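Chains, contacts and geometry: an overview
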Amino acid sequence: MIIVNCKDVLPIQHELLIHVADHIEAIPAIKHSEFVLSPIEHDDTIDDRKVSAVIQNYLESIGEANNFSVVSDSKKIIIKSINGKKINRITPPVKSMRTCCGI
């Protein structure tokens, strides 16, 4: 299981989750300002370096790679604002995602 802290990029949390889930074989769940990626099979593992690379790729695709860093310590990934910049996009709530509050 890998936890991705999205505190500094909350307005794009859902889009980012979908992008990562499309590229990583994992089951995503949202928990407040984080999302969790769990392996599909119990014995599988998720490569945090691959997840970090996919997140970085997404930030590049929206023109925000120079404003945010992606830091990983194998079980937790933090997306941190480099210069205090916040993403101010307003995105409509995603109704097809289920939120998780018991992890």
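Presented here is a report on the structure given in the accompanying data block.

Parameters at a glance
Residues numbered from 1 in each chain as written. Predicted model: local features only at pLDDT ≥ 70, side-chain atom pairs only at ≥ 80, totals over all residues. Heavy atoms only, no water. Pairing = 2+ DSSP bridges. Helix = DSSP H or I, 4+ residues; strand = E, 2+ residues; numbered from the N terminus. Axes fitted to C-alpha atoms, helices over the stretch in contact; angles between N-to-C directions. Contact = heavy atoms within 4.5 Å. Buried < 20%, exposed > 50% of the residue type's maximum accessible area, 1.4 Å probe, protein only. Polar contact = N/O pair within 3.5 Å; in protein donor to acceptor, adjacent residues only side chain to side chain. Expected span 1.5 Å × (residues − 1). Arc of directions from axis to C-beta.

Focus: the sheet that holds strand β3 (residues 34-39)
Overall, mixed pairing links the five strands, which are arranged β2-β3-β1-β5-β4 in an open sheet. Of all strands in the sheet, those with a lone pairing partner are β2 (26-31) and β4 (68-72), marking the two edges. Recorded for the sheet is a direction-independent mean angle of 20° between the axes of neighbouring strands. Note: β2 against β3, six bridges, orientation antiparallel. Bridge assignment links I30 to a residue of β3, and that residue is F35. Sheet strands in contact with helix α1 (residues 13-23) are β2, β3 and β5 (76-81), and its direction is about 15° off that of β3. Across the sheet, helix α2 (residues 48-61) touches β1 (2-5), β3, β4 and β5, and the angle it forms with β4 is around 175°.

Observations concerning the environment of E15
Within the secondary structure layout, E15 lies in helix α1. Owing to a relative accessible area of 27%, E15 belongs among the partly exposed residues under this scheme. Through-space distance from the C-alpha of E15 to that of Y58 is 9.4 Å; in sequence the pair is 43 residues apart. There is a polar contact of 2.4 Å between the side chain of E15 and the side chain of Y58.

Focus on α2
Spanning 14 residues, α2 covers 20 Å between terminal C-alpha atoms, matching the ideal 20 Å at 1.5 Å per step. D48, V51, S52, V54, I55, Y58 and L59 are the residues of α2 that are buried. Burial along α2 is one-sided: seen end-on, the buried residues are contained in an arc of 160°. Exposed and oriented more than 90 degrees from the buried face of α2 are R49, E60 and S61. The elements touched by buried residues of α2 are β1, α1, β3, β4 and β5.

Re the pairing of β1
Note: β1 against β3, four bridges, orientation antiparallel. Looking across to β3, one finds that I2 is bridged to L37. Where β1 lies against β5, three bridges are found, and the strand directions are parallel. Its bridge partner being in β5, N5 is matched across the sheet by I78.

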